[in-house]
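# Architecture and fold: a report
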Amino acid sequence: MRISVGSSVQGVLPGFSDPVRDSQQAFRTVLDAVALPGSIHMVAVMGPMPPPLNPATTTLCLALADYETPIFLDAEARTTDVKDFLRFHTGALIADETRDATFAVITGKPPPLDQFKLGSNEFPEEGATLLIQVEALSDEGSLALSGPGIETESRLGVSGLHADFWDLRAGIVKEFPRGVDLIFTSGRQIAALPRTTTVSYRAATVR
C-alpha cells in the first residue's frame, strides 16, 4: 500500500465557512441522492475551490472524507493544490493506488472499475465510492434506472462520460453485492448511482 502524506498550510484555500453546519447539510444531500438513485440534487454554494474540482465534488470531499478514508485522485486532479486542500481540511490521506482508496475523484476518463475496492460478500459496504465529474446532468436523459428507491423507472442523462463507461460498470455487475457506488457531479449538481441500481442504456440492460 502506498499513501502520500504531508501538506503545506500556506496558500491552502478555505473550506466550509461553518464546517459543522455545512458538512451536515452536504451529508443530508448525499443521503437524499442515494435514497433516490438518479435524482438530481444541489449542494450549497461554497467559496473558491482548487481546480479542476467543481463545487459539488469539493463539497462532497469535505463532507465525506476524513483521516480514515484515503482518497484516490486521477491524473488530472492529482495536483499539489488539490492534495494540500484535502489533507488540510479533511485529514484524509492521498492513496497512490486505486485499490487503497475509500473515495476516488475522477475528473478525466474513469479507469476500469474493478481496479477499485469492491468490498466483500460479508462487508460489501467497504467498496469504494467514486465521485465522477461530468459535463452535465439531466433528468430527461437516455439512461433508464430501476431498483431500490425507484418506484417504477426514472431517467437520467449524463453528458461527458467516455463512451465505454457503461461497459466498465457492466463488467463488475457479476460481483454483486460487491462493487462500487457512483456519484456524478456537475457544477453544484449531484446524482447518485448505487450498485443496486439497474441501468438500461440504449436498449442494453447493463445494471
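All residue numbers here refer to positions counted from 1 along the written sequence of the relevant chain. Given that this is a predicted model, residues contribute local features only at a pLDDT of at least 70 and side-chain atom pairs are listed and counted only at 80 or more, while totals for whole chains, interfaces and linings are drawn from all residues. Computation of side-chain values covers all heavy atoms of the structure but excludes hydrogens and water.

## Thoughts on the overall build of the chain
Going by this rule: For the purposes of this entry, the term helix denotes a DSSP run of H or I that reaches at least four residues, the term strand denotes a run of E that reaches at least two, and both are numbered from the N terminus. For this measure, only C-alpha atoms enter the radius of gyration; the expected value for a globule follows 2.2 Å times N^0.38, where N is the number of residues. A simple rule labels every residue: compare its accessible area, found with a 1.4 Å probe on the protein chains alone, to the largest value its type can have, and call it buried under 20%, exposed over 50%, or partly exposed in between. Whether two residues touch is decided by their heavy atoms; if any such pair falls within 4.5 Å, the residues are in contact. All accessibility values rest on the Shrake-Rupley procedure with a 1.4 Å probe; residue burial counts only the protein chains present in the view. All tallies of charge rest on Lys and Arg as positive and Asp and Glu as negative; His and the ends of each chain are not included. Every charge is mapped onto a representative atom, which is NZ of Lys, CZ of Arg, CG of Asp or CD of Glu.
Scanning the chain for helices and strands turns up four helices and twelve strands. For the chain, whose C-alpha radius of gyration is 16 Å, the value lies close to the compact-globule estimate of 17 Å for 207 residues. Considering only C-alpha atoms, the chain reaches an extent of 50 × 35 × 30 Å along its principal axes. Residues counted as buried form 49% of the 207 residues belonging to the chain. In the chain, the proportion of contacts linking residues at least 24 apart, taken out of those at least 6 apart, comes to 69%. As presented, the chain carries roughly 9900 Å² of accessible surface, and 52% of it is formed by carbon and sulfur atoms. Measuring between centres, the 17 positive side-chain charges of the chain sit 3 Å from its 25 negative side-chain charges.

## Regarding the pairing of strand β10 (residues 189–193)
The condition is simple: Pairing between two strands is assigned when DSSP locates at least 2 bridges connecting them.
In terms of burial, β10 is largely enclosed, as four of its five residues are buried. Relative to β10, strand β9 (residues 181–186) is paired through five bridges, and the arrangement is antiparallel. Within β10, the residue paired with Leu182 across the bridge is Leu193. The turn joining β9 and β10, which pair antiparallel and follow one another in sequence, is formed by two residues; a positive phi near 60° is taken by Gly187.

## Let's talk about the packing of aromatic side chains
Our working rule: Note on aromatic contacts: the rings of Phe and Tyr and the six-membered ring of Trp form a pair at centre separations within 6.5 Å, being stacked when their planes are under 30 degrees apart, edge-to-face when over 60 apart, and tilted otherwise.
Using the criterion set out here, one finds four aromatic pairs in the structure. Aromatic pair Phe72 and Phe116: ring centres 6.2 Å apart, planes at 75°, arrangement edge-to-face. Of this pair, Phe72 sits in strand β3 (residues 71–73) while Phe116 sits in the loop between β5 (103–106) and β6 (129–133), placing them 44 residues apart in sequence. For Phe72, a relative accessible area of 11% puts it in the buried group. Ring geometry for Phe165 and Phe184: centres 6.1 Å apart, planes at 70°, overall edge-to-face. You can see Phe165 sitting in helix α4 (residues 165–170) and its partner Phe184 sitting in strand β9, a full 19 residues away along the chain. Neither Phe165 nor Phe184 differs from the other in exposure class; each is buried.

## Let's talk about helix α3 (residues 80–90)
Among the residues of α3, Val82, Lys83, Asp84, Phe85, Leu86, Arg87 and Thr90 are the ones counted as buried. Of the residues flanking the end of α3, it is Gly91, one or two places downstream, whose phi is positive at about 80°.

## Notes on the nonpolar core
The criterion, for reference: As used here, the term nonpolar core means buried Ala, Val, Leu, Ile, Met, Phe, Trp, Tyr and Cys residues forming a set that is joined through side-chain atoms within 4.5 Å.
Counting 29 residues, the largest nonpolar core has Leu130, Ile132, Val180 and Phe184 as its most contacted members. Elements with a contribution of two residues or more to this core: β5, β6, β7 (136–146), β8 (154–159), α4, β9 and β10. In contact with Ile132, other than residues within four places in its own chain, are Ile106, Leu161, Phe165, Leu182, Ile183, Phe184 and Thr185. Counting residues in hydrophobic clusters, the runner-up holds 28 residues, among them Ala33, Val82, Leu86 and Leu131.

Distances and angles like these do not, on their own, reveal function.
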